[in-house]
Every structure is written in structure tokens, then in C-alpha cells.
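Now for the letters of each chain:
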Amino acid sequence: MENYFLNNFEELEAESIYVIREVAAQFDRPALLFSGGKDSIVVTHLARKAFYPAKIPFPLVHIDTGHNFPETIEFRDRLMKEIGANLIVGSVQQSIDEGKVKEETGFYASRNALQTVTLLDTIEEHKFDACMGGARRDEEKARAKERFFSHRDDFGQWDPKNQRPELWNLFNGKKNMGEHFRVFPISNWTEMDIWQYIKAEKIEIPSIYFTHKRQVIERDGSLLADCEHLNLKPTEKPVEMQVRFRTIGDMTCTGAVLSNASTMDDIIDEVSAARETERGTRADDKRSETAMEDRKKQGYF
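So, a few notes on the structure that sits alongside this text. Because the structure is predicted, anything quoted here is derived from the model rather than measured. Throughout this document, residue positions are counted from 1 along each chain, in the order its sequence is written. The predicted nature of this model means local features are confined to residues of pLDDT at least 70 and side-chain atom pairs, given and counted, to a pLDDT of 80 or more, with totals for whole chains, interfaces and linings taken over all residues. Side-chain measures were taken over the full set of non-hydrogen atoms in the model, leaving aside hydrogen atoms and water.

Planes of paired rings set the category: under 30 degrees apart is stacked, over 60 is edge-to-face and the rest tilted, where pairs are Phe, Tyr or Trp rings (Trp by its six-membered ring) whose centres lie within 6.5 Å. Tallied over the entire structure, the rule returns 11 aromatic pairs. Ring centres 5.0 Å apart and planes at 90 degrees place the aromatic pair Trp189 and Tyr197 in the edge-to-face group. The two residues Trp189 and Tyr197 agree in class, both being buried. An aromatic cluster is built from Tyr18, Phe27, Phe148, Phe149, Phe171 and Phe181, whose rings are joined through pairwise contacts. Of note, Arg219 hangs over the ring of Tyr108, and the distance from its end group to the ring centre comes to 5.3 Å. For each residue, the accessible area found with a 1.4 Å probe, counting protein chains only, is set against the maximum for its type, and the residue is called buried under 20%, exposed over 50%, and partly exposed in between. Whether a charge sits over a ring depends on NZ of Lys or CZ of Arg being within 6 Å of the ring centre and within 35 degrees of the ring normal.

Before going further, it helps to spend a moment on the sheet that holds strand S4 (residues 130-132). By definition, two strands form a pair when at least two bridges between them are found by DSSP. Strands here are runs of E lasting at least two residues and helices are runs of H or I lasting at least four, both read from the DSSP assignment and numbered beginning at the N terminus. The six strands are arranged S3-S2-S1-S4-S6-S5 in an open sheet whose pairing can be described as mixed. Both edges of this open sheet fall to strand S3 (87-91) and strand S5 (149-152), since each of them pairs with a single strand only. Averaged over neighbouring strand pairs, the angle between their axes works out to 30 degrees when direction is ignored. The sheet contact formed by strand S1 (residues 30-33) and S4 spans three bridges and is parallel. The residue bridging Pro30 from the neighbouring strand is Ala130, located in S4. Note on definitions: a residue-residue contact is assigned when non-hydrogen atoms from the two residues lie within 4.5 Å. As a rule, the C-alpha atoms of each element are fitted with a line to give its axis, helices using only the stretch in contact, and angles between N-to-C directions run from 0 to 180 degrees. Each of S1, S4, S5 and strand S6 (180-183) touches helix H1 (residues 8-26); the most contacted strand, S5, lies at about 40 degrees to it.

Time to look at the nonpolar core. In this structure, Phe149 and Trp195 are the most contacted members of the largest nonpolar core, which totals 58 residues. Broken down by element, this core gets its largest block of residues, seven residues, from helix H2 (residues 38-51). Here Phe149 is in contact with Val19, Glu22, Val23, Gln26, Phe27, Glu166, Phe171, Asn172, Gly173, Phe181, Arg182 and Val183, once residues within four sequence places are set aside. Among buried residues, those of type Ala, Val, Leu, Ile, Met, Phe, Trp, Tyr and Cys that are joined through side-chain atoms within 4.5 Å constitute a nonpolar core.

Cis rather than trans, the peptide bond between Tyr52 and Pro53 has omega equal to 10 degrees. Here Pro53 is to be found in the loop between H2 and strand S2 (60-64). Residues other than glycine seldom take positive phi values, yet Trp168 does so here, at roughly 55 degrees. Note on placement: Trp168 falls in the loop between S5 and S6. In this structure Trp168 comes out as exposed when scored by relative accessible area, which is 74%. Of note, the phi angle at Asn169 is positive, near 55 degrees, even though the residue is not glycine. As for its position among the elements, Asn169 is in the loop between S5 and S6. Taking relative accessible area as the criterion, Asn169 reaches 31% and is therefore assigned partly exposed.

Axis separation between H2 and helix H6 (residues 191-201) bottoms out at 11 Å; the angle between their running directions is 55 degrees. In terms of their interaxial angle, H2 and H6 are classed as oblique. Pair H2 / H6 crosses with left-handed handedness. Residues Lys38, Asp39, Val42, His45, Leu46 and Lys49 of H2 form the contact with H6, whose own contacting residues are Glu191, Ile194, Trp195, Tyr197, Ile198 and Glu201. Residues belonging to the contact of H2 with H6 are distributed by class as follows: six nonpolar, one polar and five charged. By the definition adopted for this analysis, an angle is roughly parallel if under 35 degrees, roughly antiparallel if over 145, roughly perpendicular if from 65 to 115, and oblique otherwise. In this scheme the crossing of two helices becomes right-handed for a clockwise turn of the near helix relative to the far one and left-handed for an anticlockwise turn of less than a right angle. The residue classification treats Ala, Val, Leu, Ile, Met, Phe, Trp, Tyr, Cys and Pro as nonpolar and Asp, Glu, Lys and Arg as charged. All others, Gly included, are polar.

Let's shift gears to the sheet that holds strand S10 (residues 255-258). In space, the four strands of this closed barrel follow the order S7-S8-S10-S9, with antiparallel pairing throughout. Averaged over all neighbouring strand pairs, the angle between strand axes comes to 70 degrees, with direction disregarded. When strand S9 (residues 239-244) meets S10, the two strands line up antiparallel, connected through two bridges. The residue of S10 that forms the bridge with Arg244 is Val257.

Given below as C-alpha cells:
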């Protein structure tokens with residue numbers, strides 16, 4: 001009798017696929033939240049594996065701030081066409097036009113926080129009862145508190161002190177009318193796991209994850225991409241630098257890092273030597289000590 005042994009990648013992959021299949025089994029109207037970043041791309045890849053040779057049996061949902069990197073939108077549309085996925089787009093601009101949220105003003109204006117209302121409206125409109133995302137516990141201290149199945153009340157709010165136990169990978173998807181769950185299949189993965197898995201599986205990712213020349217401005221220790229959505233201070237002047245992005249979000253709050261990493265091996269070497277977390281360049285996380293947790297309690301991803 002042969003020994004049955006899974007290496008690290010196989011174990012992580014098997015766990016994530018199990019979670020994704022549990023979502024499909026327990027919920028009536030699940031969805032996969034897709035940002036176009038590496039983590040949501042990996043979750044999409046895992047969902048394809050979970051149901052192969054059939055197509056992914058639930059829609060992918062992108063909350064479009066209108067301030068996304070063009071490379072991300074181009075990649076999103078190309079991937080959706082390639083895999084034949086049903087894509088639902090929630091528009092922050094529409095939420096602004098309808099008066100549901102107010103556009104921020106000033107030098108630090110961003111639409112990142114405005115996504116919450118658009119997301120909750122999209123969940124309500126389509127009656128989703130479970131939304132899978134690509135959050136990982138190693139990213140940020142608020143996300144480290146999450147379970148795989150994260151219960152949200154009928155206002156879409158998260159209570160970190162009232163989460164359900166998950167012993168022996170038993171997941172409780174019971175909910176009342178109007179409530180839903182956020183589910184995080186790759187919770188136990190690290191940033192290094194993600195990059196090594198992308199390399200091993202030959203998964204395509206947006207070009208901005210690799211080194212390229214870009215006009216950036218330096219603000220509060222972050223290198224922000226110069227764009228029409230960024231309100232420059234009088235002292236700020238765009239400078240061309242060789243950069244790449246470790247994480248992808250709204251252009252007004254996602255910082256780049258100086259890098260010459262042009263291949264997956266280069267990125268893996270760079271990440272292994274990094275002393276700052278990937279979200280250390282995210283300006284939206286620096287608004288307060290509890291910025292992420294506050295947004296999550298309000299209904300953020």
C-alpha cells in the first residue's frame with residue numbers, strides 16, 4: 001500500500017477546493033468577488049479546477065471604482081472571455097450618481113471606501129448568499145481574525161467577536177433571511193505561497209505585477225501612480241521610475257515598489273527578501289490603526 005502524501009501546494013490547493021465546493025453545496029446563490037489582483041485570480045483558477053470540466057457554476061463579481069488600473073480592466077475582460085465566466089460589474093460611479101455615496105475631495109480623496117455601498121447593493125440586487133474572496137490571513141491584522149466562513153448580518157456587517165468555530169473543517173453556513181457569508185478559500189495561504197503557485201500552475205497575471213517604467217509621485221512613503229484621478233499637491237511632481245505593484249486596488253491609494261523583477265523567479269526572490277508586507281504600500285490602510293477592520297465591519301470585502 002502506497003503512502004498518501006500531499007506536499008505544501010497540494011495540501012493548500014485541496015483545502016481551498018474543498019471550501020469552494022462546500023460553498024457550492026451549502027448556498028443557493030454564491031458568487032466569487034473578482035478584483036483582477038493575483039489572489040482573486042488564484043481563487044478563480046481554483047474554482048475552475050473544482051468544477052472541471054464544467055464551467056464555474058456561479059458568477060464573478062467585480063466592484064468597479066472607475067479608478068482601476070487600465071491594465072487590470074483589460075486583463076479582467078480578456079480572462080472572462082477566455083474562461084466563459086458570467087461577470088457582474090457593480091459601479092461605484094453609479095452609486096455616486098444616484099446619491100448613495102459622496103465623492104471624496106482633497107489630496108487624499110479615494111473611492112476605495114465607497115466600494116462598500118456598491119458591494120452591498122450588488123449583493124442585495126442579485127440576492128447572493130455567499131461571496132467568496134481572495135483575502136488571506138497573513139495580509140493584515142483584521143483579516144487574520146477571519147474564519148473561512150465569515151458571517152455577515154442583514155446590514156452586511158461583520159462582528160469579529162461573534163464568529164463561529166470551525167473545528168475539523170466543518171463549516172456552518174446557517175443564516176437568517178437577509179444575512180449572507182463572505183468566504184475566503186485561500187485564508188491559509190501566504191504571499192509566497194501565492195507566487196510559487198502562480199509559477200507552478202503557469203497562471204497569467206496582469207502586466208503591472210512585473211517591472212515597468214511609470215510616472216509616480218512620492219507621498220507619505222508610498223509611490224502612487226500619476227493619473228487623472230490623483231489630486232496632486234503643489235509640491236508633488238511626477239517622476240519616472242522602474243516599479244511594479246505587489247497588490248492591486250484603486251489607483252489613488254495603491255502604492256508601487258521600486259523593482260527590476262521581470263520574471264516570476266525575480267518576484268519570488270524579491271518577496272522572500274522583503275521586510276514590508278504587501279499591503280504596506282496601501283494608503284487606504286494607513287488612514288488609521290484600525291482602517292481595515294473598520295471598513296470590514298461596515299461591509300467591506
